[in-house]
Amino acid sequence: MVEIKSDTSIEAMREAGRIVAQALAAAREAADVGVRLRDLDGAARAVLEEAGAGSPFLGYRPDWAPVPFPAVLCVSVNDAVVHGIPGDYELRDGDLVSADCGAVLDGWVGDAAVSFTVGRARPQDLRLIGTAQEALDAGIAAAVVGNRIGDIAHAVGRVCRSAGYGIPDGIGGHGVGRTMHEDPGVPNEGRPGRGMPLRHGMVLAIEPMVIAGGHDDTFTARDGWTVRTADGSRASHAEHTVAITDDGPRILTAL
Ligand code: MG
Ligand code: MG
């Protein structure tokens, strides 16, 4: 069932989303060559604590997960696409980092992700990151009343495929509200004009992921969480929580 949020609820979700943006900015600021991934998580955690927000990631255990997620931030490096656990790995020159964060404030959730490089960036990584961001922008532009879920999916997928990149099978966006994952699903590829009509008050996480090697296959690493590209090529992820309104899409996880 898709929950339609009141304008008051959307304002409350905006506050949760602002904290997510601040936590991601802090994690990105902390990232540098030689810094451990757990220190990025620590930077994000400090922002949540300061704001009095909870984490929808910490302790999260969907039925497929062997252990609860142990952090407030997912940090996925290079061939990791999503759900990376921030541990003792120390960032190296040229690494491509995807950071994904959530916050819960007054019972409302925000969810967003950003990718960036550390040290000297490889041009091909900047192109990959730029494409994920461009796909997110296209998806948001299609998130308007009168369109359908398939219009968002099509907009996202077209940008990714036009650039020659793969789109991970079976992972994508979702509704957001009092819980992190709600209906409807928001695929990263689809047919325009299909799927659920978009209405004022729907709140969606739109989250393109691209695989540089052009294949769509991924696998879950032995830690039970980290999703990696099957071809070993690098991946990038971008995400915002967006409210559909009669005045157009409103990004709730901007700074
Ligand atoms: Mg996310
Ligand atoms: Mg999400």
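That block above? That's the structure.
Reading guide: rules and limits
Residues numbered from 1 in each chain as written. Chains lettered and ligands numbered in written order. Predicted model: local features only at pLDDT ≥ 70, side-chain atom pairs only at ≥ 80, totals over all residues. Heavy atoms only, no water. Axes fitted to C-alpha atoms, helices over the stretch in contact; angles between N-to-C directions. Helix = DSSP H or I, 4+ residues; strand = E, 2+ residues; numbered from the N terminus. Parallel < 35°, antiparallel > 145°, perpendicular 65-115°, else oblique. Left-handed = near helix turned anticlockwise from the far one by under 90°. Contact = heavy atoms within 4.5 Å. Nonpolar A, V, L, I, M, F, W, Y, C, P; charged D, E, K, R; others polar. Buried < 20%, exposed > 50% of the residue type's maximum accessible area, 1.4 Å probe, protein only. Donors = N, O, S within 2.8 Å, 3.2 Å for Na, K, Ca; no water. Salt bridge = Lys/Arg side-chain N within 4 Å of Asp/Glu carboxyl O. Pairing = 2+ DSSP bridges.

S.K.: Would you take a moment to explain the packing of helix α3 (residues 123–141) against helix α4 (residues 149–162) for this structure?
M.R.: Angle between the axes and distance between the axes: these two values describe a pair of packed helices. For the pair α3 and α4, interaxial distance at closest approach is 8 Å and the crossing angle is 155 degrees. Here α3 is positioned roughly antiparallel relative to α4, judged by the angle of their axes. Both α3 and α4 take part in a crossing whose hand is right-handed. Residues T131, E134, A135, A138 and G139 of α3 touch α4, and the partners they reach there are I152, A155, V156, V159 and C160. Classifying every residue of the contact of α3 with α4 gives seven nonpolar, two polar and one charged.

S.K.: Looking at this model, I keep getting lost on unusual backbone geometry. Mind explaining?
M.R.: The general pattern is negative phi for most residues beyond glycine and trans for most peptide bonds. With an omega of 0 degrees, the peptide bond running from D183 to P184 counts as cis. One can find P184 in strand β6 (residues 182–186). Positive phi values are uncommon outside glycine, yet H83 reaches one of about 65 degrees. Mapped onto the secondary structure, H83 falls in the loop between β2 (80–82) and β3 (96–105). Of the residues examined, H83 reaches a relative accessible area of 23% and is grouped as partly exposed.

S.K.: Would you mind showing me how to read the coordination of the magnesium ion (ligand 2) here?
M.R.: For a metal bound by four donors in tetrahedral geometry, the ideal donor-metal-donor angle is 109.5 degrees, whereas six donors in octahedral geometry ideally sit at 90 or 180 degrees. For the magnesium ion (ligand 2), the full set of protein donor atoms is D111 (OD), H174 (NE2), E207 (OE) and E239 (OE), at a range of 2.1 to 2.2 Å. Between the magnesium ion (ligand 2) and the magnesium ion (ligand 1) the interatomic distance amounts to 3.2 Å, and D111 serves as a bridging ligand to the pair. Of the two residues, E207 sits in the loop between β7 (203–206) and β8 (209–211) while E239 sits in the loop between β11 (235–237) and β12 (240–243), which places them 32 residues apart along the sequence. E207 sits in the buried class, given a relative accessible area of 7%.

S.K.: Before we go on, may I ask you to explain the coordination of the magnesium ion (ligand 1) in this structure?
M.R.: Binding of the magnesium ion (ligand 1) to the protein goes through D100 (OD), D100 (OD), D111 (OD) and E239 (OE), at separations of 2.0 to 2.5 Å. Assessed through its relative accessible area of 0%, E239 is described here as buried.

S.K.: Looking at this model, I keep getting lost on the pattern of salt bridges. Mind explaining?
M.R.: Oppositely charged side chains are able to pair whenever their charged atoms sit close together. One pass over the full model with this rule turns up 14 salt bridges. Here R250 makes a salt bridge to E11, at a shortest N to O gap of 2.8 Å. Of this pair, R250 sits in strand β13 (residues 250–251) while E11 is found in helix α1 (residues 7–30), placing the two residues 239 residues apart along the sequence. Here R122 ties to D125 by a salt bridge, and the two come within 3.1 Å at their closest N and O atoms. For R122, a relative accessible area of 33% puts it in the partly exposed group. Accessibility expressed as a relative area gives 2% for D125, which makes it buried. Through salt bridges with shared partners, one network takes in R36, R38, D39 and D88.

S.K.: How should I be thinking about the sheet that holds strand β1 (residues 73–77) in this particular structure?
M.R.: What links the strands of a sheet is backbone hydrogen bonding, and the strands pair in either a parallel or an antiparallel sense. Spatially, β1-β3-β4 is the arrangement adopted by the three strands of the open sheet, whose pairing is antiparallel. Edge strands, defined here as strands with exactly one partner in the open sheet, are β1 and β4 (108–117). Here the strands of the sheet are splayed against their neighbours by 15 degrees on average, with no regard to which way each runs. Here β1 pairs with β3 via five bridges, running antiparallel. Bridge pairing in β3 links L73 to C101. On the sheet, α1 packs against β1, β3 and β4 and is oriented at approximately 30 degrees with respect to β4. Across the sheet, helix α2 (residues 37–51) is in contact with β1 and β3; its angle to β1 comes to roughly 155 degrees.

S.K.: Help me understand the packing of α1 against α2 in this model?
M.R.: Where α1 contacts α2, the two axes come as close as 8 Å, and the packing angle between them is 150 degrees. Regarding α1 and α2, the two cross each other, and that crossing is right-handed. Between α1 and α2, the contacting residues are I19, Q22, A23, A26, A27 and A30 on the first element and L40, A43, A44, V47, L48 and A51 on the second. Within the contact of α1 with α2, the residues separate by chemical class into 11 nonpolar, one polar and no charged.

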